[in-house]
Amino acid sequence: MKVIEIHTPSQDSVITCGAGCFKRLAPRFLAGHRNFVLTDSNVHALYGQDIKAVFGDAPVYILPAGEESKNEVSLFRILQAMIDAGLHRNSFLFAVGGGVVGDIGGLAAALYMRGIHCVQVPTTLLAQVDSSVGGKTAVDMGKVKNVVGAFYQPEAVLVDGTFLKTLPAREIRCGLGEIVKYGALNAKILDSLTENADRLFDLAYLAEITPECIEHKAEVVRLDEREKGLRKSLNMGHTTAHAFELFYGGLSHGEFVLIGMYYELKIALAEGATTAEYAALLEGLILRVLGEVPRYEGVERAAEYARLDKKNAASDEVSMIVPADYGTYAELRLPFEKYRSYLVSLAEK
Ligand code: NAD
Ligand code: GLY
């Protein structure tokens, strides 16, 4: 078992990585409390018996699986169920699922009685390497992604690789999207990814690289929990990813992260923010995971959604975090029209 700790002024968060840690450690949080389990329909179909075995009679709220559930309506339904369950300030909410369950569950825990204990049990690769760690919680509202949320550190995160045995290859690819992002931020992770390029979908390799990614994120969160500066780096590729995710949909967050990284890498190269050699290395990795990068119709309109990105300092500019060189990144701020014309020339069918 590997343990990684994040101490912030608001909360200590202990992340444990290791096969079997869910069944071994989750019961430690149960004694004497009224608890609540949030999961989704797919995870419940696969792991309902394990959830029952670990949590006994605790109420289990089952969200319909998918990003469409990550909204304000679901959030208030969950909060109502928490009231109905009679949770109190010492209660624990266990979010057992992917990033959707983790994000909305974390926010429900932050809001209920102004904050109850939260334990994240991430069951997708994406949630294990990224979303369950660091305390960002949110729901989407209207067409705006993650627009209502809070920073709320989970007390514990149980990263148990055995959940990945049932994860479809496509969802592994989504998690690899975030792992490639870490590679573009951290030279040690990049070396590992290039050395193990043939094993990227291998669960044994993912068990090795996951704690490395979490350690990278933990260090960023320790230094900049509230995203005043450094934490923005974790949004590499996300400006375009979120714009395309909202406008086109149809693919998963992690796939859009890879697509966003690909197009933003091209923009960075055109702007001289990175070198051709480094861009080629990262492009190779992105293509190995994603296969083909889609082109789109209507990119001019899709680009409008990049205006909503939380990193932007002004409405007529677009901020992107782009790779610069091994282990370094840059924030590229472009006038909106310039960003849009790059994107149209690169991504339009
Ligand atoms: P998800 O939660 O929708 O899970 C993907 C699919 O996998 C779902 O159909 C789910 O039911 C299924 N699934 C989950 N665990 C499974 C398992 N063990 N076996 C089989 N199927 C399983 O999506 P995700 O990719 O985990 O997370 C994406 C979300 O995370 C997005 O909403 C994104 O905005 C958010 N996110 C948040 C952060 C953060 O810092 N909070 C970071 C990155 C992404
Ligand atoms: N996934 C971005 C962050 O946690 O800051």
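Cut-offs and rules
- Residue positions are counted from 1 within each chain, in the order its sequence is given.
- For naming, the first written chain is A and the first written ligand is 1, with later ones following in the order written.
- Side-chain atom pairs in this predicted model are given and counted only at pLDDT of 80 or more, local residue features only at pLDDT of at least 70, and totals for whole chains, interfaces and linings cover all residues.
- Heavy atoms from the whole structure form the basis of all side-chain values; hydrogens and water molecules are not counted.
- Counting from the N terminus, the helices are the DSSP runs of H or I reaching at least four residues and the strands are the DSSP runs of E reaching at least two.
- Helices are assigned an expected span. That span is 1.5 Å times one less than the residue count.
- Type-normalised accessible area, obtained with a 1.4 Å probe on protein chains alone, sets the label of each residue: buried when under 20%, exposed when over 50%, and partly exposed for intermediate values.
- By construction, the arc corresponds to the directions joining the helix axis to the C-beta atoms.
- Contacts are assigned to residue pairs with any non-hydrogen atoms lying within 4.5 Å of each other.
- Think of a nonpolar core as a cluster: buried Ala, Val, Leu, Ile, Met, Phe, Trp, Tyr and Cys residues, connected wherever their side-chain atoms sit within 4.5 Å.
- A 1.4 Å probe that fits into a set of points on a 1 Å grid over the protein atoms alone but cannot get out defines a cavity; an open set with protein on both sides within 12 Å along at least five of seven lines defines a pocket, and lining residues are those with an atom within 4 Å of a point.
- Grid points are joined across faces, edges and corners, and a volume is the space filled by probe spheres set on the points.
- Charged residues are taken to be Asp, Glu, Lys and Arg, nonpolar residues to be Ala, Val, Leu, Ile, Met, Phe, Trp, Tyr, Cys and Pro, and polar residues to be all remaining types, Gly included.
- Pairing of aromatic side chains requires ring centres within 6.5 Å, counting the rings of Phe and Tyr and the six-membered ring of Trp. Pairs whose planes differ by under 30 degrees are stacked, by over 60 edge-to-face, and all others tilted.
- The pairing criterion for strands is at least two bridges between them, as found by DSSP.
- Handedness of a crossover: with both strands directed away from the viewer, a clockwise path from the first strand across the helix to the second marks it as right-handed.

S.K.: Which residues make up helix H13 (residues 336–347), and what values do they have?
M.R.: The first and last C-alpha atoms of H13 sit 16 Å apart over 12 residues, in line with the 16 Å expected at 1.5 Å per residue. Within H13 the residues assigned to the buried category are Phe-336, Tyr-339, Arg-340, Tyr-342, Leu-343 and Ala-347. Projected down its long axis, H13 shows its buried positions confined to an angular sector of 160°, all on one face. On its buried side, H13 packs onto helix H9 (238–247), helix H10 (253–270), helix H12 (299–303), strand S10 (317–325) and strand S11 (328–335).

S.K.: Break down the environment of Ser-315 for me, with residues and values.
M.R.: By the element assignment, Ser-315 lies in the loop between H12 and S10. For the pair Ser-315 and Pro-335, spaced 20 residues apart in sequence, the C-alpha to C-alpha distance is 9.3 Å.

S.K.: I'd like a rundown of the nonpolar core, residues and numbers included.
M.R.: Leu-125, Ile-179, Phe-244 and Tyr-339 are the most contacted members of the largest nonpolar core, which has 59 residues in total. Broken down by element, the residue count for this core peaks at 10 residues, all from H10. Non-local contacts of Tyr-339, meaning those with residues more than four positions away in its chain, are made with Thr-240, Ile-267, Ala-303, Ala-306, Val-318, Met-320 and Leu-334. If you look at the next biggest cluster of nonpolar residues, it comprises 23 residues, including Tyr-61, Leu-79, Leu-87 and Ile-104.

S.K.: Could you give an account of empty space enclosed by the protein, with specific residues and numbers?
M.R.: The probe, sized like a water molecule, is rolled over the atoms to show the empty space still left. For the coordinates displayed, the defined rule picks out 2 cavities of 30 Å³ or more. When its volume is computed, the largest cavity comes out at roughly 60 Å³. Taken together, 13 residues form the lining of the largest cavity, with Gln-120, Gly-135, Lys-136, Thr-137 and Pro-154 sitting closest to its centre. Only helix H4 (99–111), strand S6 (117–122) and strand S7 (136–141) provide two or more residues apiece to the lining of the largest cavity. Of all the elements, H4 adds the most residues to the lining of the largest cavity, at 3 residues. Classifying every residue of the lining of the largest cavity gives 4 nonpolar, 7 polar and 2 charged. In this structure, the second largest cavity spans a volume of roughly 40 Å³. Lining the second largest cavity are Ala-95, Gly-97, Gly-98, Gly-99, Gly-102, Asp-103, Gln-120, Val-121, Pro-122, Ala-127, Ser-131 and Ser-132. Among the elements of the structure, strand S5 (92–97), H4, S6 and helix H5 (125–131) are those that each provide at least two residues to the lining of the second largest cavity. Classifying every residue of the lining of the second largest cavity by side-chain character gives 4 nonpolar, 7 polar and 1 charged.

S.K.: An account of the packing of aromatic side chains is requested, with residue identities and associated values reported.
M.R.: A complete count under the given rule lists 14 aromatic pairs for this structure. Seen in terms of ring centroids, Phe-55 and Phe-94 are 4.6 Å apart; in terms of plane orientation they differ by 50°. Their pairing is tilted. On the criterion of sequence distance, the pair formed by Phe-55 in helix H2 (residues 41–55) and Phe-94 in strand S5 is long-range, its members being 39 residues apart. Taken individually, Phe-55 and Phe-94 each receive the classification buried, so the pair is uniform in this respect.

S.K.: Outline the pairing of S5, supporting the account with residue identities and numerical values.
M.R.: By the criterion of burial, S5 is predominantly enclosed, with 6 of the 6 residues buried. Residues of S5 alternate between two faces, with Phe-92, Phe-94 and Val-96 on one and Leu-93, Ala-95 and Gly-97 on the opposite face, all of them buried. As judged from the 5 bridges shared by strand S3 (residues 35–40) and S5, these two strands associate in the parallel manner. Among the inter-strand pairings, Asn-35 is bridged to a residue of S5, identified as Phe-92. Pairing analysis gives 6 bridges linking S5 to S6, with the strands arranged parallel. Looking at S6, one finds that Ala-95 is bridged to Gln-120. Note that the unit made of S5, H4 and S6 has a crossover that is right-handed.

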